Amino acid sequence: MNTSKKIVLAEDNSILALLLKYKLEKEGYTLLMAKDGKEAIELIELHNPEIILTDIMMPFVSGLEVISYVRNKLNLTTPIIVFSSSGQEEMVLNAFNIGATDFMSKPFSPNELIIRIKRLLFNKTIFDKTW
Amino acid sequence: MNLNTSGLIIDLIQYFFIAFTFSAILSYLILAIISIFENRHYMKKNSFVNYKDILSSTISPSISIIAPAYNETLNIVENVRSLLSNHYVNYDVIIVNDGSKDDSLEKLIKAYDLVKIDYVINNQIPTKPLREGVFKSTNPAFEKLIVVDKENGGKADALNTGLNISPNKYVACIDVDCLLLEESLLKMIKPFLETTDSKVIAAGGVIRIANSCIIKDGKLLDVNLPTNMLVRGQILEYLRAFLLGRMAWSKLNGLLVISGAFGLFDKKIAIEVGGYDTKTVGEDMEIIVRMRRHMEEQKIKYKVAYIPDPLCWTEAPDNYKIFISQRNRWTRGTIETLKKHKKIGFNPKYKSLGIISYPYWLIYERLAPIIEVTGVLYFIFLIVNNAVKWDYAFAFLVLAYLFTVLFSIITIITEELTYHQYKKKGIGLQLITTAFLEPFINHPFILYANIKGNFDYYFNKDIKWGEMVRKGMNKASD
Amino acid sequence: MVNLFYYIVEYFKYSPKIIQLLWASSVVFTLIIIGLSIYLNHIRIRLRAKERIKAVYQKKYESDLIEYLYSGNGVDEISKEQQIIIDYLSNCAKSSLKRKIIISTLLKLKDEISGEIADAIQKLYCQTGLVNYASYKLKSKKWDVIAKGIKELAQFEIKDALNDVIEHIDHPKREVRKEIQMYLVKLFRFEGLEFLNILTNQLSEWDQIQLLEILQKFENQHIPDITKWLESSNNSVVSFSLKLAKIYNQYEAKDHIINLLNHSNQEIRIESINVLSHFGDIDSLIILKSDFNQRSIEEQVIIFKMMEDINEVSDIPFLLEHINNMNFDIKVSVTKILKKLKNSEANDSRFITTDIEYSEKTSLIKAS
């Protein structure tokens, strides 16, 4: 049985996506890559990942829409980490209002991202076990 | 009549036409040369601008995109979504549904989870009343969207409603079916923020023709040259006007027109002058002239900026009927605007606006087609009376034709050296071919539409806007 | 055939000067058209080739960069794999097109990432010798080349270039001076703002925004004393420091900002009111209410906006004076504040004139 945790990453910066893919796969996760919100939603519906990482400003279907879709239409409790170049308070609040779990503003440290992913997955495991 | 006198009159008239042609050619050349220098300067200046910094700033000024919509049900949901994904932080999108008879509003309500809200409107500019009201989304992801449903009043009236509703400092007035590239607002707001020695009242952009281009999910994926010759001719025409014309006018601060498809305005000044004029069909040109005039009268140093980057892509008419109707409307708009503001013409009180811009527009935009057609009729008259000096006529016509072709090719080269949007193989040759054919394919119809426009303006008061049939931008239509 | 040729020559020789001129011009035009068409074709071929190169090399450099970042030894020394990549990139850098692609690839990642990876990218920039090309640009006579060089050095945070950069500080071109300002702020953060002390040119809004964005990317700042900038004779410097005061909550500068309420420039007065409003300072509100009627309408609007957050029951008489104010925004503000203060009586429509379409606002919309 494949116990590797699945992560869906929606990021349109190709080299950043490559870097994160490399780093996260090294940690043992399986990466599913999307270049925009629409692709991300398709991957999420298909694979039901353990964690979703998404940029906010993406063409056409924004990161905020992805979160909204996951929480309201798919009704999933999957942890979602959002990144954005926009450190604006309003964007952050919006993201959390819609249902994001965590937020990292760019530029961010990939090491910190990994720590947060591990923490969220750990918390989720405890949460799932209790219920 | 004495043979000598009639010969003299014929000569004089001929000299007039030739002199006019040469003066027109000279003016195009001057504008082209100034434009080329300006283009180079602009490309240099912008080669190292980092737009990303302003992207996320909390201090970047607030902008409202106002898009009037009338019977746009085919594409409205897609277009709105595209507008919502602009890469700017501080903006909202106001869709003004101008009394559409179709289900545009229902589609929007469904797609964006809209609910009716109560909204206090500052009616600084009188407009037609609301119909269904003001709507906003319950989904925070669409928080930027405001939809207004009102009684039909025309494009100018819808824009004025948008001006009344907007809470922001700047307004971007666009056509709802335009595709705005992601960095459009960033690039357009720059002159407003960068200029320290004068007040920028408006900024105009370049309109690129989207026919046959692949647009998917609101993103311009592929730029193709359409096969339709009429559209190809328009592409050349737009390139000439935008690259070799408006760039110079912007440098001379004499820009009289900002395309109605995409323009950014200082909201306070737009409202101060009374908003758009609902009684004209050329409201985009008219408001700029009025705003400029206002600033001149107030004696405040001002500027109308111009951004040559390709930011706005829209569909151009691909059949003659709609094409002629569009040009007819443009003609009437020009006539109405020039007439309404004739006080500034040749008036030194209005400086370059009155001494250069207005006369140029009057002579080379409004009167030129009439002079040209008169020239043609005169030529026919001469043929009938066997008074044509064929050697002269023929040599002259050939030269004039070659000049237009040459000018078009210089335009194409300028485009290649600046924005190079048409990358595919073979397009270069196709564009050159178009340069040779355009004088026969487009130009006569433009003349016809212009004359008809004049005729309609003076004798046919009932005509209004005309329809534009939507084809749907997602299909690669040819 | 030959006859036709002779006919044309004869025709031309015996034509009047004007016709000769016209035809000669036509021939010249035709030749130019042919020449330009060939040139056009040449440009397009060259541009397409460039695009192809870009596409191919972009991918290659992206994967090379990732490989470089992950084949380190964890120690400061350069591993064998890394050295290969460094040599390869140094070699490519000789071509200006490839150099551009490498730099844009490095920046594409560096802008998104912080921490040790960002530092590693910076080191790579130096190790491959790319930094030398940028330094070399500073010696150019052309302003746009100098500006580009400074910008690049700022993006990769090359402190060593400071002296060379500073040499251009009085350059006649605004773009160059601006890049120097950004360089100083990017590398030396708040200390880099020292140039504000002597700046005579205007800092445009665009410049101010960019400087602030650079500053906001750094955490744990020691904010310098902005009071001397608040008193500057350069209005744009004052405006900039007001923004600093707001973003970094410089309450200590409150008194200086209150002084600015009487500044000659209206924009500065408005910005000052905004900052004091953000601070929630009641003292300044008292001052503003006392000379309220001498203020311009724009300032009055902002003052009422300020009162939406800071208000008390004793303000009611003052508010009632303005409930029928000509200005729409003021009317809205006043009604909002009265609602907050007098829960039931504010709905009394006798206070509201008929020329506004008034209805209750729901929580979904922002106040206009």
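Calculation rules
- Residues numbered from 1 in each chain as written.
- Chains lettered and ligands numbered in written order.
- Predicted model: local features only at pLDDT ≥ 70, side-chain atom pairs only at ≥ 80, totals over all residues.
- Helix = DSSP H or I, 4+ residues; strand = E, 2+ residues; numbered from the N terminus.
- Rg over C-alpha atoms; globule rule 2.2 N^0.38 Å.
- Buried ≥ 20, exposed ≤ 12 C-beta atoms within 10 Å, placed from the backbone.
- Contact = placed C-beta atoms within 7 Å.
- Pairing = 2+ DSSP bridges.
- Axes fitted to C-alpha atoms, helices over the stretch in contact; angles between N-to-C directions.
- Expected span 1.5 Å × (residues − 1).
- Nonpolar A, V, L, I, M, F, W, Y, C, P; charged D, E, K, R; others polar.
- Right-handed = clockwise from strand over helix to strand, strands pointing away.
- pLDDT = per-residue confidence, 0-100.
- Core = buried A, V, L, I, M, F, W, Y, C linked by C-beta atoms within 7 Å.
- Parallel < 35°, antiparallel > 145°, perpendicular 65-115°, else oblique.
- Left-handed = near helix turned anticlockwise from the far one by under 90°.

Tell me about the overall build of chain A, residues and numbers included.
Of the regular secondary structure elements, chain A holds five helices and five strands. N-terminal to C-terminal, the α/β element order of chain A is β-α-β-α-β-α-β-α-β-α. Compactness check: chain A gives a C-alpha radius of gyration of 14 Å against a globular reference of 14 Å for 131 residues, within 12% of the reference. A buried classification covers 40% of the 131 residues belonging to chain A. Sequence separation of 24 or more characterises 61% of the internal contacts of chain A that already satisfy a separation of 6 or more.

Tell me about the overall build of chain B, residues and numbers included.
Check the secondary structure of chain B and you find 14 helices and twelve strands. Compactness check: chain B gives a C-alpha radius of gyration of 23 Å against a globular reference of 23 Å for 478 residues, within 12% of the reference. Along the first, second and third principal axes, the C-alpha atoms of chain B reach 85 × 50 × 45 Å. Buried positions account for 45% of the 478 residues belonging to chain B. Considering only intrachain contacts with a sequence separation of at least 6, the fraction spanning at least 24 residues in chain B is 81%.

So what's going on with the sheet that holds strand β6 (residues 170-174) of chain B? Which residues, and what values?
All names here are of chain B. On the basis of which strands lie adjacent, the open sheet formed by ten strands has the order β3-β4-β5-β2-β1-β6-β11-β8-β12-β7 and mixed pairing. This sheet does not close on itself; its edge strands, each paired only once, are β3 (114-117) and β7 (179-180). The sheet contact formed by β6 and strand β11 (residues 262-266) spans five bridges and is antiparallel. Residue pairing in the sheet places I174 in a bridge with F262 of β11. Where helix α3 (residues 76-84) meets the sheet, it contacts β1 (63-69), β2 (91-98), β5 (145-150) and β7, and its direction lies at approximately 160° from that of β2.

Give a description of helix α5 (residues 116-127) of chain C that names residues and reports values.
End to end, α5(C) covers 16 Å across twelve residues, agreeing with the expected 16 Å (1.5 Å per residue, within 8%). The secondary structure elements touched by the buried residues of α5(C) are α5 (110-130) of chain A together with α2 (17-70), α4 (96-110) and α6 (130-137) of chain C. Once α5(C) ends, the next one or two residues include C:G129, with phi positive near 80°.

Got a sec to walk through the interface of chain B and chain C? Specific residues and values, please.
Chain B puts 43 residues into the contact, and the matching count from chain C is 46 residues. At the level of secondary structure, the elements contributing two or more residues to the side of chain B that touches chain C comprise α1 (3-46), α2 (52-55), α6 (184-194), α12 (390-418) and α13 (427-441) of chain B. For the side of chain B that touches chain C, a count of residues per class yields 23 nonpolar, nine polar and eleven charged.

Could you give an account of unusual backbone geometry, naming the residues involved and the relevant values?
The peptide bond linking A:K106 to A:P107 adopts the cis configuration, its omega dihedral lying at 0°. You will see that B:F346, though not glycine, has its phi angle at about 60°, which is positive. Mapped onto the elements of the fold, B:F346 is located in the loop between α10 (320-340) and α11 (351-384). Of the residues examined, B:F346 has 11 C-beta atoms within 10 Å and is grouped as exposed. Residue C:N249 is not a glycine yet carries a positive backbone phi of 50°. The residue C:N249 is located in the loop between α12 (235-247) and α13 (254-259) in this model. Residue classification places C:N249 among the partly exposed residues on the basis of 13 C-beta atoms within 10 Å.

Summarise the interface of chain A and chain C; cite the residues concerned and give the values.
Listed by partner, the interface residues are 14 residues for chain A and 15 residues for chain C. Within the residue set of the side of chain A that touches chain C, elements represented by two or more residues are α1 (14-26) and α5 of chain A. Ranked by the residues each element gives to the side of chain A that touches chain C, the list is headed by α1(A), at six residues. For the side of chain A that touches chain C, the per-class residue count stands at eight nonpolar, five polar and one charged.

Can you break down the sheet that holds strand β1 (residues 6-10) of chain A residue by residue, with the values?
Whether parallel or antiparallel, the strands of a sheet pair through hydrogen bonds between backbone atoms. All names here are of chain A. On the basis of which strands lie adjacent, the open sheet formed by five strands has the order β2-β1-β3-β4-β5 and parallel pairing. Lying at the two open borders of the sheet, with one neighbouring strand each, are β2 (30-34) and β5 (102-105). Ignoring strand direction, the axes of neighbouring strands in this sheet form an average angle of 20°. α1 rests against β1 and β2 of the sheet, and its axis sits at about 165° to β2.

Give a detailed account of the pairing of β1(A), specifying residues and quantitative values.
All names here are of chain A. Within β1, four of the five residues are buried, leaving the element largely enclosed by the surrounding structure. Across five bridges, β1 lies against β2 in parallel orientation. Each bridged residue has a counterpart across the sheet, and for L9 the counterpart in β2 is M33. In this fold, β1 hands off to α1, which returns the chain to β2; that crossover is right-handed. In this structure, β1 lies alongside strand β3 (residues 51-55), joined through four bridges in parallel fashion.

Outline the environment of A:E25, supporting the account with residue identities and numerical values.
Mapped onto the secondary structure, A:E25 falls in helix α1. For the pair A:E25 and A:S4, spaced 21 residues apart in the sequence, the C-alpha separation amounts to 9.7 Å.

How would you explain helix α14 (residues 266-279) of chain C if you had to name every residue and give the values?
All names here are of chain C. The end-to-end C-alpha distance of α14, which contains 14 residues, comes to 20 Å, matching closely the 20 Å that a straight helix rising 1.5 Å per residue would cover. Of all the residues in α14, the buried ones are I268, R269, I270, E271, S272, I273, V275, L276 and S277. Tucked inside the fold, the buried residues of α14 contact α12, α13, α15 (282-290) and α16 (297-309).

So what's going on with the environment of A:V70? Which residues, and what values?
All names here are of chain A. With respect to the helices, strands and loops of the structure, V70 is situated in helix α3 (residues 63-73). You can call V70 buried: it has 24 C-beta atoms within 10 Å. Separated by ten residues in sequence, V70 and I80 place their C-alpha atoms 9.3 Å apart. When near neighbours in sequence (up to four residues on either side) are disregarded, V70 contacts I44, I52, L76, T78 and I80.

Give a description of the confidence of the model for chain B that names residues and reports values.
Of the residues in chain B, 95% have a pLDDT of 70 or more, and the chain-wide mean is 90. Our summary of model confidence lists the complex with pTM equal to 0.89 and ipTM equal to 0.87.

Report on the nonpolar core, specifying residues and quantitative values.
If you look at the biggest cluster of nonpolar residues, it comprises 215 residues, and the most contacted ones within it are B:I65, B:I95, B:A172, B:I174 and B:I288. Dropping the residues within four chain positions of it, B:I95 is found in contact with B:A67, B:A69, B:V80, B:V147, B:V148 and B:V176.

Can you lay out the confidence of the model for chain A for me, pointing to particular residues and giving the numbers?
Averaged over chain A, the pLDDT score is 86; the fraction of residues at 70 or greater is 95%. Looking across chain A, the model is least confident in helix α4 (residues 89-98) of chain A, with a mean pLDDT of 82, and most confident in β1(A), with 93.

Tell me what's going on with the packing of α12(C) against α14(C), and back it up with residues and numbers.
In a packed pair of helices, the relevant descriptors are the angle between the two axes and the axis-to-axis distance. Residues and elements named next belong to chain C. Here α12 crosses α14 at 10°, and the two axes come no closer than 9 Å. In terms of orientation, α12 lies roughly parallel with respect to α14. Along the contact surface, α12 presents N235, V238, S239, L242, A245 and K246, while α14 presents E267, I268, E271, S272, V275 and H278. The residue inventory of the contact of α12 with α14, partitioned by class, reads five nonpolar, four polar and three charged.

Outline the packing of α1(A) against α2(C), listing residues and values.
Look at α1(A) against α2(C): their axes get within 10 Å of each other, and the N-to-C directions meet at 35°. Seen from above, α1(A) lies across α2(C) with right-handed handedness. Here α1(A) contributes A:S14, A:I15, A:L18, A:L19 and A:Y22 to the contact with α2(C), which in turn contributes C:E62, C:L65, C:I66 and C:Y70. Looking at side-chain class alone, the contact of α1(A) with α2(C) contains seven nonpolar, one polar and one charged residues.

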